[in-house]
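Chains, contacts and geometry: an overview
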Amino acid sequence: MRPALPSRTAQRGGFFLGLLVGVLVGLVVALGVALYVTKVPVPFIDKVPQRTAEQDAAEAEKNKHWDPNAPLVGKSPQRPAPAASHPDAPAVPPTLPGPGATGRPASAPG
């Protein structure tokens, strides 16, 4: 004879109950770890010597005219002048039209 198989209705819990219990256990473990980490003394708190006011003033003076983009500029910050294509070329390069300009001459209203 075969033993009687348990019915589906006899099973308690299920997926959602297991999911809920797992999430709650995870939250409790995370809370415990967070509390432990915040209560443990920091071992390197007094290892670094404190800065003096003179050191802070010297650092501020050094950084007063510091340009973070200086390495991007290169050795000479000025660009070379453009070579003239012919003797009648203007000394100053022409400017681009403004954002509202269309490039067409203005017509008289009327």
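Counting from 1, residues in each chain are numbered in the order their sequence is written. Reporting in this predicted model follows two pLDDT cut-offs: at least 70 for local features of residues, and 80 or more for side-chain atom pairs to be given and counted; totals over whole chains, interfaces and linings ignore these cut-offs and use all residues. In computing side-chain properties, one takes all heavy atoms of the structure into account and sets aside hydrogens as well as water.

All right, on to the overall build of the protein then. Scanning the protein for helices and strands turns up three helices and zero strands. Counting every atom, the protein has about 11,600 Å² of accessible surface; 65% of that belongs to carbon and sulfur. Where helices and strands are cited, they refer to DSSP runs of H or I of at least four residues and of E of at least two residues respectively, numbered from the N terminus. The protein chains shown are the only cover counted for residues, whose accessible areas, like all others here, come from Shrake-Rupley with a 1.4 Å probe.

With 54% of its residues at a pLDDT of 70 or more, the protein shows a mean pLDDT of 76. Residue-level confidence of the predictor is what pLDDT reports, using numbers from 0 through 100. Mean pLDDT across the elements of the protein ranges from a minimum in helix α3 (residues 70-73), with 83, to a maximum in helix α1 (residues 15-39), with 95.

Next up on the list: the pattern of salt bridges. Salt-bridge detection follows one rule: a side-chain nitrogen of Lys or Arg within 4 Å of a carboxyl oxygen of Asp or Glu. For the structure on display, the rule yields two salt bridges. Between aspartate 56 and arginine 51 there is a salt bridge, and its shortest N-O distance comes to 2.9 Å. Per-residue accessibility, obtained with a 1.4 Å probe over protein chains only, is compared with the maximum for each type, and a residue is labelled buried under 20%, exposed over 50%, and partly exposed between these values. The exposure class assigned to aspartate 56 is partly exposed, which follows from its relative accessible area of 39%. In this structure, the salt-bridge partner of glutamate 61 is lysine 64, at a minimum N-O distance of 3.5 Å. What makes glutamate 61 partly exposed here is its relative accessible area of 49%. For lysine 64, a relative accessible area of 53% puts it in the exposed group.

For this analysis, a ring pair means two rings from Phe, Tyr or Trp (six-membered ring only for Trp) whose centres lie within 6.5 Å, classed as stacked if their planes differ by under 30 degrees, edge-to-face if by over 60, and tilted for the remaining angles. According to the stated counting rule, one finds one aromatic pair in the structure shown. Relative to phenylalanine 16, the ring of phenylalanine 15 has its centre 5.3 Å away and its plane inclined at 75°; by these criteria the two rings are edge-to-face. On the accessibility criterion, phenylalanine 15 (61% relative accessible area) is exposed.

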